[in-house]
Amino acid sequence: MDASGLPLGRLASEIAQVVRGKHKPTFAPHVDGGDYVVVINAERVAVTAAKGEKKTYYRHSGYPGGIKAESFQSLIERRPEAVIERAVRGMLPKSRLGRKMFRKLKVYAGPSHPHASQKPDPLEFNIRKVES
């Protein structure tokens, strides 16, 4: 799947459905029946309006005063894969099964990936690209 110009939230929700297996007629919530998803061009994912400057990601070390904040722009420059990974992880179940499903997501910043020998089928979703 190519993430170039696609809105982050809509892209993440479609990826989460495929990773979870909800696109198949054999879906059961307690079974990991999803497919592997390879996302390329994560550095070119789009956000709408002014979210590029306003969207903030938080993490906490566990110690008092240990909260860290990072803006969308700095995270996409530092580690573009993390933006899509965090969005999809938030849409999966918070359980052992959800963690197992998350391992089926492979995200790469650029257009190349090491999974070419598996001959992945390109996924096309009905999502409009964001004009920049």
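Our structure is the block above this text.
Here the residue numbering is sequential within each chain, running from 1 through the sequence in written order. pLDDT decides what is reported in this predicted model: residues at 70 or higher carry local features, side-chain atom pairs at 80 or more are listed and counted, and totals for whole chains, interfaces and linings draw on all residues regardless. Calculation of side-chain values draws on the structure's entire complement of heavy atoms; hydrogens and water are dropped beforehand.

*Asks:* Give a detailed account of the overall build of the protein, specifying residues and quantitative values.
*Replies:* Looking only at helices and strands, the protein features 5 helices and 4 strands. The globule rule is 2.2 Å times the number of residues to the power 0.38, and the radius of gyration it is compared with is taken over C-alpha atoms. The C-alpha atoms of the protein give 16 Å as radius of gyration, which agrees with the globular expectation for 132 residues (14 Å, within 12%). For the protein, the spread of C-alpha atoms along the three principal axes comes to 45 × 35 × 25 Å. Here the protein holds 132 residues, and the buried ones make up 39% of them. At a minimum sequence separation of 6, the contacts of the protein that also span at least 24 residues come to 65%. Throughout, the Shrake-Rupley method with a 1.4 Å probe supplies accessible areas, and for residues the shown protein chains are the sole cover considered. Only carbon and sulfur atoms are counted for the fraction: they give 51% of the accessible area of the protein, which is about 8700 Å². Numbered from the N terminus, helices here are DSSP runs of H or I no shorter than four residues, and strands are runs of E no shorter than two. Each residue's exposure class comes from its accessible area (1.4 Å probe, protein chains only) as a fraction of the maximum for that residue type: buried when under 20%, exposed when over 50%, partly exposed otherwise. Here, residues are in contact when the closest pair of their heavy atoms is within 4.5 Å.

*Asks:* Would you mind going over the side chain of Ser4 in detail, with residue names and values included?
*Replies:* Within the fold, Ser4 resides in the segment before α1 (8-20). Classification of Ser4 as buried rests on a relative accessible area of 8%. Residues adjacent in sequence count toward polar contacts only when both atoms are side-chain atoms; beyond that, a polar contact is any pair of N or O atoms within 3.5 Å, and within protein one must be able to donate a hydrogen and the other to accept it. Of the polar contacts made by the side chain of Ser4, one reaches the side chain of Asn41; its length is 3.3 Å. Reaching out from Ser4, the side chain makes a polar contact with the side chain of Arg44 at a distance of 2.9 Å. Not counting the four nearest positions on each side in its chain, Ser4 is found in contact with Asn41, Arg44 and Lys129.

*Asks:* Quick one: what's the story with the packing of α1 against helix α4 (residues 80-89), residue by residue and with numbers?
*Replies:* Throughout, an axis means a line fitted to C-alpha atoms (over the contacting stretch in the case of helices), and angles, computed between N-to-C directions, take values from 0 to 180 degrees. α4 packs onto α1 with a crossing angle of 60 degrees between their chain directions and a minimal axis gap of 9 Å. Regarding the angle of α1 to α4, the classification is oblique. As for the relative orientation of α1 and α4, their crossing is right-handed in sense. Together, Leu8, Leu11, Ala12, Ile15 and Ala16 of α1 and Val83, Ile84, Ala87 and Val88 of α4 make up the contact between the two elements. Residues of the contact of α1 with α4, tallied by class, amount to 9 nonpolar, no polar and no charged. Angles are sorted into four bins: roughly parallel if under 35 degrees, roughly antiparallel if over 145, roughly perpendicular if 65 to 115, and oblique for all others. The sense of a crossing depends on the near helix, which, turned anticlockwise from the far helix by less than a right angle, makes the crossing left-handed and, turned clockwise, makes it right-handed. Each residue receives one of three labels: charged for Asp, Glu, Lys and Arg, nonpolar for Ala, Val, Leu, Ile, Met, Phe, Trp, Tyr, Cys and Pro, and polar for the others, Gly being one of them.

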